[in-house]
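# Structural characterization, general
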Amino acid sequence: MPHHPRVFSGTQPSGDLHLGNYLGAIKRYVEMQKTHECIYCVVDMHAITVWQEPDELRRSIREVAAAYVASGVDPKKNIVFNQSRVRQHAELAWVFNCVARMGWMERMTQFKDKSAGKNAENISLGLFAYPSLMAADILLYKATHVPVGDDQKQHLELTRDIAAKFNNDYARSIAEQGLEADFFPITDPVIAGPATRVMSLKDASKKMSKSDTSEGARILLMDDADQISKKIKRATTDPEPLPSEEKGLEGRAEAANLVGIYAALSDTTKAAVLAEFGGKGWGAFKPALADLAVAKLAPIADETRRLVADPASIDAFMADGAARAAEIAEKTMKEVRSIVGFIG
Ligand code: TYM
């Protein structure tokens, strides 16, 4: 029997949310709730794989949850919660630590990037095991679709490998429990749209990220109109005017990035943006992009600020979401415990 369609995704409460998080993930969460049952998590357990100051972590958890809602996620229709509140995430992650192979984890490029040049004494074991916790997040809810940016693709492939290995290693036990042979679904990554990989505004060969030391490289979700306009006006570009067709973006990473951002913010395609701006120079395009970004992002920032001013109401919808999440999670964990051979 095919698995019931269900969406799961999550964002880390570490550092400030930026335009890549919004266009690659959060905006897509909002779109998927129209057609799917959705679970959106603030993954605080992932955040502490790198040291977080506790007060700052608390602030950031609430801000990410608020940003989901301010962007249009409905916490009543869907489930919105912080990961650590549902203990089964940690429990399933342990089982997956015993299913996943060291070699698989060693191939994770994000781990290699984050640990590059660092002494092993300064890298947490959690950072290495992190993709196994991510697989647990998704599979605890038997989620079939996971909207993410392009940088999470490898982690989702690993999630599929873990699901397949679990289903295979425990095939006999799964059958004995009277459960479906494909106990865990082979999850589909949903990486689509014109901005699956938003690049740095300063160096279009690097993705926009929370850790970039240059402030001008990223637009923050909480930036004001002035900051957004300045960052766009100062974004690195080439001297050529915009092409009229997408093919003309080849080899022009900066142009491709800004056109992709414009397309995603205005819910259209790069081709449509180029049909409008083809032949025009940056002097025309950048102010138009700045106006569009301010028009779309400022209301979200205002609403996020309004929501975080009342932390109790955020905590209340996260507690309600966690209670509903835990019901689904415990059902899966009960099955997993008996499949594995645990008692009780
Ligand atoms: P995180 O917190 O780094 O990023 C949250 C989401 O934002 C996307 N993203 C981007 N998209 C486009 N362009 C960019 N420059 C850009 N930067 C970030 C990410 O792809 C992600 O979708 N491991 C995940 C969090 C996670 C998760 C999960 C996701 C934990 N468990 C289960 C899905 C399902 C992460 O660190 O994302």
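Placed above this text is the structure.
We now turn to the structure provided with this report. Fair warning: this is a prediction, and the values are worked out from it, not measured in the lab. (Residues numbered from 1 in each chain as written. Predicted model: local features only at pLDDT ≥ 70, side-chain atom pairs only at ≥ 80, totals over all residues. Heavy atoms only, no water.)

## Some details on the packing of aromatic side chains
By the definition in use, this model includes 16 aromatic pairs. Taken together, a centroid distance of 4.9 Å and an interplanar angle of 40 degrees make the contact between phenylalanine 166 and tyrosine 170 tilted. On the basis of relative accessibility, which here comes to 0%, the residue phenylalanine 166 falls in the buried class. On the basis of an interplanar angle of 65 degrees and a centroid distance of 5.0 Å, the ring pair of phenylalanine 166 and phenylalanine 184 is categorised as edge-to-face. With phenylalanine 166 in helix α8 (residues 153–169) and phenylalanine 184 in the loop between α9 (171–176) and β5 (188–190), this pair connects stretches of sequence that are 18 residues apart. Of the aromatic side chains, those joined through ring pairs into one cluster are Phe96, Phe166, Tyr170, Phe183 and Phe184. (Phe/Tyr/Trp six-rings, centres within 6.5 Å; stacked < 30°, edge-to-face > 60°. Buried < 20%, exposed > 50% of the residue type's maximum accessible area, 1.4 Å probe, protein only. Helix = DSSP H or I, 4+ residues; strand = E, 2+ residues; numbered from the N terminus.)

## Points about the pairing of strand β1 (residues 6–11)
Burial within β1 is extensive, with five of its six residues counted as buried. Note: β1 against strand β2 (residues 37–42), six bridges, orientation parallel. Considered in β2, the bridge of arginine 6 is made with glutamate 37. Taking the sense of rotation as the criterion, the β-α-β connection linking β1, helix α1 (residues 19–32) and β2 turns out right-handed. (Pairing = 2+ DSSP bridges. Right-handed = clockwise from strand over helix to strand, strands pointing away.)

## Regarding the site of the ligand
With respect to spatial proximity, 27 residues lie near the ligand, and among them Gln12, Tyr130, Asp137, Asp151 and Val198 are the closest. Side-chain polar atom of glutamine 12 to an oxygen atom of the ligand: 2.8 Å apart, as the coordinates give it. A distance of 2.7 Å separates a nitrogen atom of the ligand from a polar atom in the side chain of aspartate 137. Expressed as a share of its isolated accessible area of 710 Å², the protein-covered part of the ligand is 96%. Contributing elements (two or more residues each) for the shell around the ligand: β1, α1 and α7 (125–139). Looking at the shell around the ligand residue by residue, the class counts come to eleven nonpolar, twelve polar and four charged. (Near = heavy atom within 4 Å. Polar contact = N/O pair within 3.5 Å; in protein donor to acceptor, adjacent residues only side chain to side chain. Areas by Shrake-Rupley, 256 points an atom, 1.4 Å probe, with all protein chains shown as cover. Nonpolar A, V, L, I, M, F, W, Y, C, P; charged D, E, K, R; others polar.)

## Re the packing of helix α11 (residues 253–265) against helix α12 (residues 270–277)
At a minimum axis separation of 8 Å, α11 and α12 run at an interaxial angle of 105 degrees. In this view, α11 runs roughly perpendicular relative to α12, as classed from their interaxial angle. Side by side, α11 and α12 meet where Ala256, Val259, Gly260, Tyr262 and Ala263 of the first sit next to Lys270, Val273, Leu274 and Phe277 of the second. Here the residues of the contact of α11 with α12 are counted per class, giving seven nonpolar, one polar and one charged. (Axes fitted to C-alpha atoms, helices over the stretch in contact; angles between N-to-C directions. Parallel < 35°, antiparallel > 145°, perpendicular 65-115°, else oblique. Contact = heavy atoms within 4.5 Å.)

## A short note on the pairing of strand β3 (residues 79–82)
Two faces belong to every sheet, and in a regular strand the side chains alternate between them. The alternating pattern of β3 places Ile79 and Phe81 and Val80 and Asn82 on opposite faces, both of which are buried. Note: β2 against β3, four bridges, orientation parallel. Bridging across to β3, valine 42 finds its partner in asparagine 82.

## Overview of α1
A rise of 1.5 Å per residue sets the reference length of α1, with its 14 residues, at 20 Å; its end C-alpha atoms lie 19 Å apart and thus fit the reference within 8%. Along α1, the sharpest change in direction is near 30 degrees and occurs at alanine 25. Across the 14 residues of α1, 13 count as buried, placing the element largely inside the fold. (Expected span 1.5 Å × (residues − 1). Bend = angle between axes of the 7 residues up to and from the residue.)

## A closer look at unusual backbone geometry
The backbone of lysine 142 shows a phi angle near 50 degrees, a positive value even though the residue is not glycine. Within the fold, lysine 142 resides in the loop between α7 and β4 (145–147). Positive phi, close to 55 degrees, is recorded for aspartate 267, a residue that is not glycine.

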